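One-letter residues, chain by chain:
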Amino acid sequence: MTARVLPLTALLITTLATACSCPSLTAMALRNGAYRIDEDIIALTEGEYRHRYMEDSAAERVVTLTDIIEKGDLDGRDGDDAAVILIDEPGGSGTFYHLAVLMRRDDVYENVATEFLGDRILVQSVVIDDMTHGITVHALVRNEGDAMAVPPEVQVVMRYMVVGNSISPMQQSVPTPIGSSR
Ligand SMILES: [Ca+2]
């Protein structure tokens, strides 16, 4: 794992200004691309990034690219763009789901924006509407006030648009409990 830490350090220095890039939108490129989560550049290898915090510690951060990879038009310009789901497990109890979008910038694909979706939720699908350029995320979450131990079973729909280099929520989800029994 140490071998991957050193290149990342170099990557941080060289790519912070230009954001990260993927050469294309093939599954292989996406699984080996670089993504930005908050201020960190996460360079995936085979869909996974592992970073051990200390040499002699088992604690490590693991980021994985899920199989939810949606291609479509996010900017009204020629060529597909993509929206993917990343899961960030920093080593504590959190399992943070992020929506990452990739768009073409100067002939390469860049992860231009990443949006936090929720902790220990379940993302079911991501759909890009080529007409409106909107992104629709279907997910299961908890009711407000529920303990984290409660399984996410509340169906929500989250809608986003890519505006410049950010992901903007279009419409806050209205929790709709699954089934009507309570
Ligand atoms: Ca496009």
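Up top you'll find the structure we're talking about.
Every chain is numbered independently, its residues counted from 1 as its sequence is written. Side-chain atom pairs in this predicted model are given and counted only at pLDDT of 80 or more, local residue features only at pLDDT of at least 70, and totals for whole chains, interfaces and linings cover all residues.

Asks: Which residues make up the pairing of strand 3 (residues 40–43), and what values go with them?
Replies: A regular strand places its side chains on the two faces of the sheet in alternate fashion. At least two bridges found by DSSP between two strands is the condition for calling them paired. The way it works is that DSSP assigns letters per residue, a run of H or I at least four long becomes a helix, a run of E at least two long becomes a strand, and they are numbered from the N terminus. Note: strand 2 (residues 34–37) against strand 3, four bridges, orientation antiparallel. Residue pairing across strands places Y35 opposite I42, the latter belonging to strand 3. Joining the antiparallel neighbours strand 2 and strand 3 is a turn of two residues, in which D38 adopts a positive phi near 55 degrees.

Asks: Before we move on, could you go through the nonpolar core and cite the residues and values that matter?
Replies: Side chains of a nonpolar character, in soluble globular proteins, are inclined to be buried together. Put simply, a nonpolar core is a cluster of buried Ala, Val, Leu, Ile, Met, Phe, Trp, Tyr and Cys residues tied together by C-beta atoms within 7 Å. For the exposure call, what matters is how many other C-beta atoms sit within 10 Å of a residue's own: 20 or more marks it buried, 12 or fewer exposed, and in between partly exposed, using C-beta atoms placed from the backbone. A83, V84, L99, V101 and V137 are the most contacted members of the largest nonpolar core, which totals 33 residues. Breaking this core down by element, the ones donating at least two residues are strand 5 (60–72), strand 6 (81–89), strand 7 (96–105), strand 8 (108–119), strand 9 (122–128), strand 10 (134–141) and strand 11 (154–163). Ranked by residues supplied to this core, first place goes to strand 7 with six residues. Note on contacts: each residue gets a C-beta atom placed from the backbone, and two residues are in contact if those atoms are within 7 Å. Ignoring any residue separated from it by four or fewer positions in sequence, one finds V101 in contact with L74, D81, A82, A83, V112, A113, V162 and I167.

Asks: Account for the environment of H133, naming residues and giving values.
Replies: Residue position: H133 is located in the loop between strand 9 and strand 10. Classification of H133 by C-beta neighbours within 10 Å gives partly exposed; the count is 17. As for H133 and V162, which are separated by 29 residues in sequence, their C-alpha atoms are 8.0 Å apart. Other than its neighbours up to four places away in sequence, H133 contacts D73, L74, D75, G76 and M161.

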